Amino acid sequence: MTDTSLELEEWLPQVCEIAYNAGLLISKYYHQNVALDIERKADGTPVTVADKVADDLICLALKELTPDIPLITEESVEHVPFEKRQAWSTYWLVDPLDGTKEFIANTGEYSVNIALIHNHRPVLGVVYGTELGNMYFAYKHQKHKNPKYKHQKHKNKETAENSLIDSDRAAKISNLLPIKTEAELDWQNLVEQAVNIQVATLPDGQSSEASYKVAVSRRHGGELQRFMAQLGYCSKIKMGSALKTCLVAEGKADIYPRFGPTSLWDTAAAQCILEVAGGAVLNAAGHPLEYIQTESLLNPFFIAVSHKDHNWPAFAEVM
């Protein structure tokens, strides 16, 4: 990979298509009438056949797209020892089914996460919320900051052409097609047809009516309650998987605090999207999360925020 964004611009529509195809495959299992067998990994987390078949599809497609770039996925990492991957400067980082618990619980709040890491930072990210019909994607430009875009349906061709913004492509595609449709999609065209969206303006902290919009997991603990108490007036938006960070990127939430275990593949794609939109994913020291190879590939606690320079409450690095 060179220092330019030409490869990222070329790869983005293709990675969107890969995520979409993986999501279609997962959704077939999600909607089938037969109960799936649920296995448990060594750490106690669940895994299903949907995780595995999506992993196979994504791995094969990424290897075909970029045969010289290695990859790590949640389902294949055990076959890639630390000694082999510790010196990687560029690699794909994938969670083929983020939110397996949401998948099992039939909330529909799972996602396909694909990120490209370069020099410890995510430079391309795609998050596809299959059941919600939302696809978020972005890539980093090397010379200037990107805005973030949201794809919208247009009534006619002239309106669509007038909406194009001459800048680097990054988008959220909403309500692409009914999930049962497997028609060919022109991903290059969909990525290009975009209108600008940005992170939300923060509420006035002095107003009695001010309320932070906080994206939270359906399974949260006491540390989050303490943090929210420090924020003051809050309204919760419950969501699963990496889609919580994407809500911050889209301006529907101000912050997503995460004070529980996550792995690098859970956060990388959505972090790229949020950073392109103007936000940040910060550790306890106020620094962006980095993607340095370790044995465990675990993240510290973090907050995904719309404004990195805001005076957010302090929190522990880990429990």
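Calculation rules
Residues numbered from 1 in each chain as written. Predicted model: local features only at pLDDT ≥ 70, side-chain atom pairs only at ≥ 80, totals over all residues. Heavy atoms only, no water. pLDDT = per-residue confidence, 0-100. Contact = heavy atoms within 4.5 Å. Axes fitted to C-alpha atoms, helices over the stretch in contact; angles between N-to-C directions. Helix = DSSP H or I, 4+ residues; strand = E, 2+ residues; numbered from the N terminus. Parallel < 35°, antiparallel > 145°, perpendicular 65-115°, else oblique. Left-handed = near helix turned anticlockwise from the far one by under 90°. Nonpolar A, V, L, I, M, F, W, Y, C, P; charged D, E, K, R; others polar. Buried < 20%, exposed > 50% of the residue type's maximum accessible area, 1.4 Å probe, protein only. Polar contact = N/O pair within 3.5 Å; in protein donor to acceptor, adjacent residues only side chain to side chain. Salt bridge = Lys/Arg side-chain N within 4 Å of Asp/Glu carboxyl O.

Our focus in this paragraph is the confidence of the model for the protein. Predicted confidence across the protein gives a mean pLDDT of 82, with 81% of residues reaching 70 or more. Note that pLDDT drops below 50 for residues 142-182; the model gives that stretch 114 contacts with residues more than four away or on any other chain.

Across the interface, helix α1 (residues 6-31) lies against helix α2 (residues 49-65) with an axial gap of 9 Å and an inter-helix angle of 160°. With respect to α2, the axis of α1 lies roughly antiparallel. In the packing of α1 onto α2, the handedness of the crossing is right-handed. Across the interface between the two elements, Trp11, Gln14, Val15, Ile18, Asn21, Ala22, Leu25, Ile26 and Tyr29 from α1 touch Val49, Ala50, Val53, Ala54, Leu57, Ile58, Ala61, Leu62 and Leu65 from α2. The residue makeup of the contact of α1 with α2, split by class, is 16 nonpolar, two polar and no charged.

This part covers the packing of helix α8 (residues 243-250) against helix α9 (residues 264-277). It is at 9 Å that the axes of α8 and α9 come closest, and there the two elements cross at 10°. It follows from the interaxial angle that α8 and α9 lie roughly parallel. For the pair α8 and α9, contact is made by Thr245, Cys246, Val248 and Ala249 and by Ala270, Gln271, Ile273, Leu274 and Ala277, respectively. Each residue belonging to the contact of α8 with α9 can be placed in one class, and the counts come to seven nonpolar, two polar and no charged.

Let us now look at the side chain of threonine 267. Here threonine 267 shows up in helix α9. A relative accessible area of 7% means that threonine 267 is categorised as buried. A distance of 2.8 Å separates a polar atom in the side chain of threonine 267 from a polar atom in the side chain of tyrosine 291.

A separate point is the pattern of salt bridges. With the rule as written, the count across this model stands at seven salt bridges. The shortest N-O distance in the salt bridge between lysine 41 and glutamate 75 comes to 3.3 Å. With a gap of 34 residues between them, lysine 41 in the loop between β1 (39-40) and β2 (46-47) and glutamate 75 in the loop between β3 (71-73) and α3 (82-85) connect regions that are remote in the sequence. Glutamate 250 serves as the salt-bridge partner of lysine 252, at 3.6 Å between the closest nitrogen and oxygen. For lysine 252, a relative accessible area of 45% translates into the label partly exposed. Assessed through its relative accessible area of 9%, glutamate 250 is described here as buried. Beyond isolated ion pairs, a larger network of salt bridges with shared partners links Lys41, Glu74 and Glu75.

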